[in-house]
Amino acid sequence: MLYLILASAGGGKTTHITNLIEQFSAGGNKKISLIVPEQFSFMSEKIMLEKVGAKAMADIDVLSFTSLGEKLVGRPALHERRRLDDSARAVLMRLALDGVKHKLKLYANHVSKKSVISEFVALSSEFKQNAVSTDALRLALASEKEGLLKMKLNDIVTVLDAYDAMVSGSYFNPDELLDELYDILPENDYFKDRLVFIDAFRGFTVQEYKIIERMLTKAQAVYVTLCTDNLQNSDD
């Protein structure tokens, strides 16, 4: 069951969530998860500890989507591959660009520029977070008329395919963690009969929406706070 908690900024959504968790914990629920943005993890855990005490806190997981992925996919499995950090991304993207520059139409003469390397690194992350694959781009290209946009998309597909080939097998790409989590959740019972609370997000990526979709198939209930400026129907 999905429950939406709607209020404007500063409207008490987090207080309501923590009060609910406290009530469920006092009622004997042993499987509770609070999912918040990474930067709020420490503060949220501190607030919950003050509310429910150390003994009850042992049954409450305070996680971000990333730490949820690391917890369920398993750190040993992740550490079998080198973690792809920002420096490695830039080096591998430069190598990918250089390796396919003879195939490029718009970027052939710009592969060594830092701004171009940064642009492609950002594109790779953004596409993965929003579940946009190079296969999907190729399908879009099939119906696109010849022109600047088609040339640019062709270059993007060519470069990202080369980059992904370099990364796969040898590196663990953090941008793919939630994809791995999504794949293993049908066989994983972590969310079975669990109460899940999702708080403090301004929005969700496609990857995060897919994880929530998986949660809903097994969890006892999922509570999500959303910020809204107006709860009234408008005649405009």
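Note that this is a predicted model, so its numbers are computed, not measured. (Residues numbered from 1 in each chain as written. Predicted model: local features only at pLDDT ≥ 70, side-chain atom pairs only at ≥ 80, totals over all residues. Heavy atoms only, no water.)

**Digging into unusual backbone geometry**
If you check the backbone angles, Ala-131 has positive phi at about 55 degrees while not being a glycine. On the accessibility criterion, Ala-131 (42% relative accessible area) is partly exposed. Phi at Asp-193 takes a positive value of approximately 60 degrees, unusual for a residue other than glycine. The residue Asp-193 is located in the loop between α9 (177-184) and β6 (195-198) in this model. (Buried < 20%, exposed > 50% of the residue type's maximum accessible area, 1.4 Å probe, protein only. Helix = DSSP H or I, 4+ residues; strand = E, 2+ residues; numbered from the N terminus.)

**Some points on the pairing of β6**
Of the two faces of β6, the one holding Leu-195 and Phe-197 and the one holding Val-196 and Ile-198 are both buried throughout. Where strand β2 (residues 32-35) lies against β6, four bridges are found, and the strand directions are parallel. Within β6, the residue paired with Ile-35 across the bridge is Ile-198. Judged from the four bridges that link them, β6 and strand β7 (residues 221-227) form a sheet pairing that is parallel. Bridge pairing in β7 links Phe-197 to Tyr-223. Considered for its hand, the β-α-β crossover made up of β6, helix α10 (residues 206-218) and β7 is right-handed. (Pairing = 2+ DSSP bridges. Right-handed = clockwise from strand over helix to strand, strands pointing away.)

**Topic: the side chain of Thr-225**
In this fold, Thr-225 is placed in strand β7. Within the local environment of Thr-225, its side chain forms a polar contact with the side chain of Asp-199, the two groups lying 2.7 Å apart. Reaching out from Thr-225, the side chain makes a polar contact with the backbone nitrogen of Ala-200 at a distance of 3.4 Å. Residues in contact with Thr-225, not counting those within four places in the same chain, are Ile-5, Lys-13, Ile-17, Ile-198, Asp-199 and Ala-200. (Polar contact = N/O pair within 3.5 Å; in protein donor to acceptor, adjacent residues only side chain to side chain. Contact = heavy atoms within 4.5 Å.)

**Focus on the nonpolar core**
Counting 27 residues, the largest nonpolar core has Met-93, Leu-97, Phe-120 and Ile-156 as the members making the most contacts within it. Contributing elements (two or more residues each) for this core: α5 (86-100), α6 (114-129), α7 (134-142) and α8 (148-167). Here this core gets eight residues from one element, more than from any other, and that element is α8. Residues contacting Leu-97, with those up to four places away along its chain left out, are Leu-104, Val-111, Val-116, Ile-117, Phe-120 and Val-159. Membership of the second largest hydrophobic core comes to 24 residues, among which are Leu-177, Phe-201, Met-215 and Val-222. (Core = buried A, V, L, I, M, F, W, Y, C linked by side-chain atoms within 4.5 Å.)

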